[in-house]
Amino acid sequence: MARVAAETISGGEAAFQPGETPTKLKLLGVDVASFGDAHAKTVGASTIAFTDSIARVHRRLVTDADGRVIGGVLVGDASGYDTMVAVATGDIDGPGDPVDLLLPEGRGGPRGSTVAGGPVLRRSATVCSCENVSAGEVCDAIDESIRSSGQADVAKVKSCTRAGTGCGGCVPQITDLVRTRLAEAGIEASRRLCEHFGHSRQELCDVVRLTGIGSFSELIQRHGSGSGCEICKPAVASILASVAGGHILDGEGASIQDSNDHFLANLQRDGTYSVVPRVPGGEITPEKLIVLGEVAGEFNLYVKITGGQRIDLLGARVDDLPAIWARLVDAGFESGHAYGKAVRTVKSCVGTTWCRFGVQDSTGLAIELELRYRGLRSPHKIKMAVSGCARECAEAQGKDVGVIATERGWNLYVCGNGGARPRHADLLAADLDRATLVRMIDRFVIYYIRTADRLQRTAAWLEGMEGGIEHLRRVVAEDSLGIAAELEAAMTEHVARYRCEWAESLEDPVRLRRFRTFVNTDAPDPDIVVMEERDQPRPAFDWERVELLTTRR
Amino acid sequence: MTVRRWVRVCSLRELEPGRGVAALVDGQQVAVFLLPGASGEAASRLRAVDNRDPVSGANVLARGLLGSTDGVDYVASPMHKHRFDLASGRCLDGVSTGIRVWPVRVWGVSIEILAVKAGPEDGPGGGPDGESVATHCPFCALQCGMRLRAAPQGESGVEAEADLSSPVNEGRMCVKGWASVGLLRNSHRLHQPLVRDHSGRLAPASWDAALDEVARRIEVIQRQHGRDAVGVFGSGALTNEKAYLLGKFTRVALRSANIDYNGRYCMSSAAAALNRTLGVDRGLPFPVSDIADTGALVLWGANPADTMPPLMEWVERMRAAGGTLVVVDPRRTATAEAADVHVQPVPGTDLAVALGLLRLAETAGLVDHPYVEARTVGWSEVRESVAAWGPARVEAVSGVSESQLTQMLDALARNRSSMLLTGRGPEQQSKGVDTVTALINLMLALGRIGRPASGYGCLTGQANGQGGREHGQKADQLPGYRSISDPSDRAAVAEVWDVEPAELPGPGMSAVELLDSIGSATGIHGLLVFGSDLAVASPDARRVVDRLKRLDLLVVADSLRNGTTDLADVVLPVTQWAEEEGTTTNLEGRVIRRRRAVEPPVGVRSDLDVLTGLAERLGEAQRFRFPSTEAVFDELRRVSAGSRSDYSGITYERLDSGPGLFWPCPGDDHPGSPRMFGAGFAHRDGRARMITVGYRAAADARDSDYPVYLTTGRYREHYNSGSQTRRLERLVRAKPIPRLQIHPALAARLGVDDGSSVVVESRRGSAVFEADVTADIREDTVFAPFHWSGDQSANLLTVAALDPVSRMPEFKVCAVRLRPAPGDIQVRRV
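In this convention, every chain numbers its residues from 1, walking through the sequence in written order. Chains and ligands are labelled by the order in which they are written, letters from A for the one and numbers from 1 for the other. Only residues with pLDDT of 70 or above have their local features reported here, since the model is predicted, and side-chain atom pairs are shown and tallied only from 80 upward, although totals for entire chains, interfaces and linings are computed over all residues. With hydrogens and water excluded, all non-hydrogen atoms of the structure serve as input to the side-chain values.

**Notes on the overall build of chain B**
Thinking step 1. Helix and strand content of chain B: 23 helices and 39 strands.
Thinking step 2. Burial analysis of chain B (830 residues in total) assigns 65% to the buried set.
Thinking step 3. In what follows, residue pairs with any heavy atoms lying within 4.5 Å of each other are defined as contacts. Partitioning the contacts of chain B with sequence separation of at least 6, the portion at a separation of at least 24 is 70%.
Thinking step 4. Carbon and sulfur atoms make up 47% of the accessible area of chain B, which amounts to about 27,600 Å² in all. Each helix corresponds to a stretch of at least 4 residues labelled H or I by DSSP, and each strand to a stretch of at least 2 residues labelled E; elements are numbered beginning at the N terminus. For the exposure calls, accessible area comes from a 1.4 Å probe over protein chains only, and a residue counts as buried if that area is under 20% of its type's maximum, exposed if over 50%, partly exposed in between. To be clear on the numbers: accessible area is Shrake-Rupley with a 1.4 Å probe, and residue cover counts the displayed protein chains and nothing else.

Shown next, in the form of C-alpha cells:
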C-alpha cells in the first residue's frame, strides 16, 4: 500500500488492489474459514473438495487455470488455513499437488501452519520486517554457515543478516528455516541451546531435575563450557526457578536473570520501567484502585489498562521502583510477573456472579487459577482465561490455557495464541469438574515447562509435538507416560513455596541496592525526558529531546 | 587542554560478577562490568563501556546480560539484545558502529574510570605540556595531593588534577578539592588593604598606610592598657611557617601573652588527652594506609565519608579484607551507612559509653594485663573508677544497650588488631578531654596502642590542624609543643629567638576566654586575626560579634571577604594556598610541601610579609628578617630540635624529593617516624598514663523549655565556617542552604513538614533552618550544619561552655526548642 502511495505521489501510475479479506470464524462452535476466490469466480478456475459427513468437515480449494491455489472454504476443520492463505497470496510456494494442502491434519495433510517440512517460503518473501530481510537472504546466510562450519543456527543468521534483531517476532520462522535447510543438507539439526550447552532446553531441564544441580555455575561447569551468554543464562535461570524455587535474585541468580527479571520490572524504550501489580482475575477493590492512582500520581507514571485485565503503570525510574513497590505491597498488592517468562494473568468474565448468561463462576475460578500459578517460571509467558459461558467473552481460546464453562462443568482448551501468529486453542478435555480441571492444568503446565524449547509458546510447542494434540491428550488426560502424579506433585510444591518477589526484595537491603540509576550518585538519568500527552506523561521522542536539551542550554 | 584523571565510581564490592552498574563520570554515562569467573584477580575481569545503547538511544547497557562467544566477552543490550564487544566496543550484530570503551582499573578496593575531559583549544598559556605543580588541597587535614597547572589562554585561574602519587589519596579527591581552584579568582577575593575611615566605611588604602595604621594603633593600645591588651587569633589553616611566625610575632614583637587560634575549637581536647596519657599529641600515630590492615575500626563521632571522603578508601580496603567497621554517632551518617555496627548514643554521653566499655572489658577478662603492667601506670585506680559503670547504668545514661557494648568490645578486643579514631563528636564537649582520655584508657587496657595496625588516633580537621598546634600559636605553648610555663622550654626557645627567657610572656587566654575578655578592664582592646572567620565559627556567635564590635582595633588578614572582615577596622588581603610556598603537617604527622602554582593577584601579600612588615614597624626588624619562606622553616627546625615534635631533620630539599616526612625527625639522616609508641611512650619513663576520669552531664541541660538536643556538624560540600566553600558556585549549588535533620516522629509532634522552615531556639539565640525530616537521627535530637552565617548560623545556638582542661567549647550538644516558622520568617535561599 505504501509503495503504491509513494509511486502515485511522485507522479507514477499505480493502483492499489485490495486483496480478498481472508476470514476465519467459529460459528456455533464450528470452525469456518474462507479466503481468496472462495467461490471460483475467476475465469478458468477449478475446485478440489474434501467432504467428510461423519466428521462434519468440508474443505474446498479453488485453483486457477495453471493449478495455483487462489482461494478456498473450510468448514468444520480450519487446520492448514494459515498455509493456504500464504500459498494463495504468493508468500510461500505451494506443494506440487494442491491436494496435499487440502487434506485435513492427521489425514494426509500438513501439520498446522508450520513451514518446516511443508511448503517452502518464496525467496522474496519478507521474513524480518524490522530489518527488511527476505527469506532468500536468510537461506543464503544459513547455506554459507553450513558451508563454512558444517552447522548453522539462529544466532549466526542474526549476526549475518540482522534478521530477528528488531522485535524478534520472526525468530520462530528463522528457526524453522534453519531446521529445514539443515535437514535438506542432511545435517542433524542441532537443538543445542547455545554454544555453551550442547543440550536442548528439555534435556537441560532433565539434567537439573535428575542431578539436583542448583546453580548455573555448577551446571555449566559439569555439563557445558565457557561462561555462558544471554541465551543460556536466563534459560537456566528459568529452569532453576521452576524446578527449585527460591527468590530468583538470590545468590548467583541475580547474575543470570534476564534484565527484566533482574529489576523485577519491564524495561521501556527510554530505560524506564513499567510496573504491573497482580490483579487476580481482573477483580479489584475501589480502595486498591485508588492506591494505584495515588502511586501513579506521586511518581508521575503513565497509566494504561492492559489486555490481561490489569493496570500498567509506565515510566518508573529504576531508583523509584522500591518506593513504588513499598506503597503497593503495603496496600496488599503483589508482583504481577509481567516482567518474567511466567504465568501472567487469568482473564475472566463476570460469569454467574453478574451475567444473565453465565453458567459457572468464571471470576472465582480465574482468581483461584491465578493465585495457584502465580510466579511460576516457564519457557515463555503463559496466559490463561476463563469464560463463564460459550459466548467466550474472556477469549479463552486465544490463550495458552483457556477454560470455558458448560452446563455440566468446564471445557479445557490449550495452546491457543494471540499476537503475531494467532492460533485457536485445541479442546483438551470437556465437562470437567473443578478439581479435575485444576489437575489437568497442573499436568499440562508442568509438562510444557519440562519439554518446551526456550521462548517457545505452547502453540508452537504443540505444533512441533510428535502426535500433536492427540499425544498431548494422552499424556495429560490419560497419563500415557505414567508421569501425571509427578507432574501434579511438582505443581503442588510450587504452590506451597510461592512468595511475592517484590515483598521479599523490599525486606532485603542487599537486593534493594541494585535499584539505582548510578552507582556513584543519586542523580537521575538526565536523558530521561518526559513529555505530556493527553494529560499523561510519556517519554520524549528523540527530536523532542534534542530540542529540549538545546533550549535548556 | 585535555584533562585526564582517574575517577572513583564505586567499591569493588558493589559489583556482582556477571552484571554491571552505571556511573556518571563528568556528565557521561559509563557502564562498568565485572565478568563472571573464578575468584582470581578482579582487576582483569573489569570492563567499562558507554552506558548508552546506540541502537535504542537509551542508557541501559549496564543492565544487560554478559555473554561470551568465541572468546569475545560482550554485553547484550536489554533493549533488543544487540551485543557489544566489551574489549573493543564493536557491535557483534553489525547494527551500529559500536560504543566507546573506557579505561578502568582497581585502585585498592575502588573501581576507577579514566575520565578524559576535552577543553577548548590549547593556547600558549598552558596545555598538555604546561608544567604542573604538585601541591596539596587547601581544605582538610588529609591534605590530598593535587597538581595545579595554569589554565589555557583565554581562561583565568588554574586547573586541578588529583595527584596519583600522593600516598594519602592516590589520585582521589572529594568535591571540595576539585572545586578549590574557584577560590583563586573569586568575586569575594580581597585585592587591596582596607581601612575603616571616619564615616565608618572600609576604604582602600596602600599597604604602607594600612600597616602604619595598624602599628600606630597597636602602640596606642599597648601604651594605654599594657602589652597583653593586644591579642592574636590564628588558624589551623595557616602553614607551619605562618603559625610559627605568628607565635614568635606575638611573643617577641607584640610581647603579648595573648595568642590562641581556632584549633582550640577543634583539636584541643584530643591534644590535651594525648599529651597527658601518651605524652605527645600527634593526631594519628600511624599512616592512614594502616587503616586498611586493621582487623576492626571504631570511628567515634567521626563522619569521614562526608568530611574527608578519600579516607574512606582505606576503610573500604579494610572491610574488603574482612575488617569490621563500628561507627558511634547519634546520626545515621554516610559513614554509619557503611558500618557493620552503628551505635547511636544520646549526644553528650560518649564518656558513659567509654567507661562502660572499659568496665565490660575488665569483667569479660579482655584486659591485656602483661601490656598494662609493662607499659602503663594508673590501671588499678582506673579499674576502680569504672566499677560503677555496669551496662545498665550505661544504657540509662546513653541509650546504648549491653549487646551493643559487647559488639563494640568484641570488635576492638577480639581482632588481631584494632583501631579507635575519634572525630569532633566526643571532643567538642565540655568533657571532651575526659572522654578522649577514657577512650585512650580503653585502648591501653586492651593493649592496642603501639601494636601493628592498632591504636588510638584523632582525625584532625583543618588543613594544617596538626602543624598549627605544634608551633606556638596556642596560648600555653611555644614551638615544638614546648610549654610556655616550663623554664627549660622557655630557655631553649629564647636562645634561638635571641631574647632573654624572662622577656617571654607567660600563658595567655584561650580562644573563647580571649574573645570573652573584650570589654573588660583586663581584657584585650585590639585583636589581629589571621585566617579565621571567628564571627561564624565561634560558639554563641552573636555574643562574639557583639564583643568584636567593642574592640578598639580589629585587624583581619584573609583572602576572601567574610563575616569577620566585615567587622574589621583594617583588612589585609593575603595570598592563598596555590599562590605561596610553605609546609603543612597533615593528620598523620607527615610534613608536606605547599607550592606556588600561580602568581598572586597584584596587591596581595603573604601573611609572612604582613608579620615581618608589622614587626619592622614595631621596632623588631632584626628578629624578623627572612629572605624566604624556607628561611622561616629553617628557624622553626632549629627551635623544634630536641622537642616532642622535632622537625630538625626535615628540610625543603628532603620534602621535595619524596612523599613527605613524619615527625619526630631529629636528624638529617633520620628517616622520620611514620609509626609511634612501638617502643615506648613520650613520658620520661616510657610508660603511658592511665588517668581516672569521672562522668558529668552536658553543660546545657535539656528541660521542659528546651526539650530537644541539638548537635552540629559538616556537609560534604562545605568546609568549616563556609567562608571559602560558600563562595564556590558548584558547592553552593549542591548544598545551597543548611537543613535541619529532624526525626519524623518529632516533626509530626511539632507539625513540621519536610522542606518547611523551622525556628530553632536555644537559651542563647535562635536560627531558622529548612526541615529535613529523616529517620537518620535520634528522635530526641536535631542536627544542623555549621557552615552558614547570619540567621542560619548554627553557632547562634551553641553554648560556650568550656572543657576545664582544653578550653574546648561544647559545640556538639546543647538544648533547644523548635517551632514551625511563621510566615514572615522563612529560610533564606542563596
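**A closer look at the interface of chain A and chain B**
A common way to express how large an interface is: the accessible area buried when the components associate.
Thinking step 1. Contacts between chain A and chain B engage 41 residues on the former and 37 residues on the latter.
Thinking step 2. Throughout, buried area stands for the accessible area (probe radius 1.4 Å) lost by two parts on being put together, summed over both. Summed over both partners, the interface of chain A with chain B comes to about 3,100 Å²; 47% of that surface belongs to carbon and sulfur atoms.
Thinking step 3. In this structure, B:E14 engages A:R516 in a salt bridge whose closest nitrogen and oxygen atoms are separated by 3.2 Å.
Thinking step 4. In protein, a polar contact means a hydrogen-donor-capable atom and an acceptor-capable atom, both N or O and within 3.5 Å, with residues adjacent in sequence counting only if both atoms are side-chain atoms; elsewhere, any N or O pair within 3.5 Å suffices. The interface formed by chain A and chain B includes 20 residue pairs in polar contact (both at pLDDT 80 or more). Salt bridge, as used here: a side-chain nitrogen of Lys or Arg that lies within 4 Å of a carboxyl oxygen of Asp or Glu.

**Section: the nonpolar core**
Residues and elements named next belong to chain B.
Thinking step 1. Only buried residues count toward a nonpolar core. Its members are Ala, Val, Leu, Ile, Met, Phe, Trp, Tyr and Cys residues joined through side-chain atoms within 4.5 Å. Within the largest apolar cluster, 118 residues are counted, with the highest numbers of intra-cluster contacts made by F249, W300, I449 and Y456.
Thinking step 2. Once you skip the residues sitting within four places of it in the chain, F249 turns out to touch L254, R255, L528, L611, L614, A615, L618 and F624.
Thinking step 3. The next biggest cluster of nonpolar side chains, apart from the first, holds 48 residues, and it includes W178, A179, V288 and V598.

**Section: the pairing of strand β4 (residues 46-50) of chain B**
Residues and elements named next belong to chain B.
Thinking step 1. Most of β4 sits out of view: 4 of its 5 residues are buried.
Thinking step 2. One ladder, built from 5 bridges, connects strand β3 (residues 28-34) with β4; its direction is antiparallel. By the bridge assignment, L34 is partnered in β4 with L46. The pairing criterion for strands is at least two bridges between them, as found by DSSP.

**Looking at the packing of helix α12 (residues 286-298) of chain A against helix α13 (residues 321-330) of chain A**
Residues and elements named next belong to chain A.
Thinking step 1. For helices, the fitted axis covers only the stretch in contact; all axes are lines through C-alpha atoms, and the angles between them, taken along N-to-C directions, range from 0 to 180 degrees. Viewed as axis vectors pointing N to C, α12 and α13 meet at an angle of 165°, and their least axial separation amounts to 10 Å. Taken as axis vectors, α12 and α13 run roughly antiparallel relative to one another. Crossing of α12 against α13: the hand is right-handed. Contacts from V291, L292, E294, V295 and E298 in α12 reach I324, R327 and L328 in α13.
Thinking step 2. Charged residues are taken to be Asp, Glu, Lys and Arg, nonpolar residues to be Ala, Val, Leu, Ile, Met, Phe, Trp, Tyr, Cys and Pro, and polar residues to be all remaining types, Gly included. Its residues assigned to classes, the contact of α12 with α13 shows 5 nonpolar, no polar and 3 charged. We call two directions roughly parallel when the angle between them is under 35 degrees, roughly antiparallel when it is over 145, roughly perpendicular when it lies between 65 and 115, and oblique otherwise. Note on convention: near helix rotated counterclockwise from far helix by under a right angle means a left-handed crossing. Clockwise means right-handed.

**Quick word on the confidence of the model for chain B**
Residue and element names in this part refer to chain B.
Thinking step 1. pLDDT expresses how confident the predictor is about each individual residue, on a scale running from 0 to 100. Taken residue by residue, chain B gives an average pLDDT of 90. The fraction at 70 or more is 96%.
Thinking step 2. A low-confidence stretch, residues 118-129 stays under pLDDT 50, and its non-local contacts, those more than four residues away or across chains, total 23 contacts.
Thinking step 3. We note a pTM of 0.59 for the whole complex and an ipTM of 0.73 for its interfaces.

**Considerations on the pattern of salt bridges**
Residues and elements named next belong to chain A.
Thinking step 1. Overall, the coordinates contain 98 salt bridges over all chains when judged by the stated rule.
Thinking step 2. A salt bridge links R317 to D319; the shortest N-O distance between them is 2.6 Å.
Thinking step 3. The class of R317 is partly exposed, set by a relative accessible area of 27%.
Thinking step 4. By relative accessible area, D319 is classed as partly exposed at 22%.
Thinking step 5. Between R372 and D442 there is a salt bridge, with the nearest N and O atoms lying 2.6 Å from each other. One end of the pair, R372, is in helix α14 (residues 362-373); the other, D442, is in helix α15 (residues 434-451), with 70 residues separating them in the sequence.

**A short note on the sheet that holds strand β28 (residues 582-585) of chain B**
All names here are of chain B.
Thinking step 1. The strand order across the open sheet built from 3 strands is β28-β29-β30, with neighbouring strands paired in antiparallel fashion. In this open sheet, the two strands that pair with only one neighbour each are β28 and β30 (661-662).
Thinking step 2. Note that strand β29 (residues 590-594) and β30 share 2 bridges and pair antiparallel. In the strand pairing of β30, V591 is matched with L661.
Thinking step 3. Set on the sheet, helix α3 (residues 240-254) makes contact with β28 and β29; between it and β28 the angle comes to about 90°.

**Notes on helix α6 (residues 171-184) of chain A**
All names here are of chain A.
Thinking step 1. Taking 1.5 Å as the rise per residue, α6 with 14 residues should run 20 Å; its terminal C-alpha atoms sit 20 Å apart, in good agreement.
Thinking step 2. The inward-facing, buried residues of α6 contact β6 (126-128), α4 (135-149) and α5 (154-161).
Thinking step 3. Immediately beyond the C-terminal end of α6, within one or two residues, lies G186, with a positive phi of roughly 75°. To estimate the expected span of a helix, subtract one from its residue number and multiply by 1.5 Å.

**Some words on the sheet that holds strand β21 (residues 419-422) of chain B**
Residue and element names in this part refer to chain B.
Thinking step 1. In spatial order, the strands read β19-β18-β17-β21-β22; together these 5 strands make up an open sheet with parallel pairing. This sheet does not close on itself; its edge strands, each paired only once, are β19 (341-343) and β22 (455-458). Across the sheet, the mean angle from the axis of one strand to that of its neighbour is 15°, orientation sign disregarded.
Thinking step 2. For strand β17 (residues 296-300) and β21, the ladder comprises 4 bridges, and the chain directions are parallel.

**Here we look at the pairing of strand β12 (residues 343-348) of chain A**
Residue and element names in this part refer to chain A.
Thinking step 1. Among the 6 residues in β12, 6 count as buried, and that is most of the element.
Thinking step 2. Across 4 bridges, the pairing between β12 and strand β13 (residues 382-387) is parallel. Bridging from a neighbouring strand, S348 pairs with V386 of β13.
Thinking step 3. With the strands pointing away from the viewer, any crossover whose connection runs clockwise from the first strand over the helix to the second is right-handed. For the segment spanning β12, α14 and β13, crossover handedness is left-handed.

**Examining unusual backbone geometry**
Thinking step 1. A cis geometry characterises the amide bond from B:W663 onward to B:P664, with omega recorded as -5°.
Thinking step 2. With respect to the helices and strands, the residue B:P664 is situated in the loop between β30 and β31 (688-689).
Thinking step 3. A positive phi angle is found at A:H337, which is not glycine, with a value near 55°.
Thinking step 4. By the secondary structure assignment, A:H337 is in the loop between α13 and β12.
Thinking step 5. A residue is classified by how much of its surface remains accessible, and A:H337, at 0% relative accessible area, is buried.

**Notes on the packing of aromatic side chains**
All names here are of chain A.
Thinking step 1. Paired rings are identified among Phe, Tyr and Trp, the last through its six-membered ring, by centres lying within 6.5 Å, and are further divided according to the angle between planes into stacked (under 30 degrees), edge-to-face (over 60) and tilted (the rest). Tallied over the full model, the rule gives 19 aromatic pairs over all chains.
Thinking step 2. Relative to F515, the ring of F263 lies with its centre 6.1 Å away and its plane at 75°, an arrangement referred to as edge-to-face. Taken together, the positions of F263 in helix α11 (residues 259-263) and F515 in the loop between α20 (509-512) and β17 (530-533) put the pair 252 residues apart, joining distant regions of the chain. As far as burial versus exposure is concerned, F263 and F515 are alike and both buried.
Thinking step 3. Taken together, F263, Y273, W325, W502 and F515 form an aromatic cluster joined through their ring pairs.

**Some thoughts on helix α8 (residues 350-363) of chain B**
Residue and element names in this part refer to chain B.
Thinking step 1. Taking 1.5 Å of rise per residue, the 14 residues of α8 would be expected to cover 20 Å, and the 20 Å separating its terminal C-alpha atoms lies within 8% of that figure.
Thinking step 2. Where burial is concerned, most of α8 is hidden: 11 out of the 14 residues are buried.
Thinking step 3. Those residues of α8 that fall on the buried side of the exposure criterion are D350, L351, A352, V353, A354, L355, G356, L357, L358, L360 and A361.

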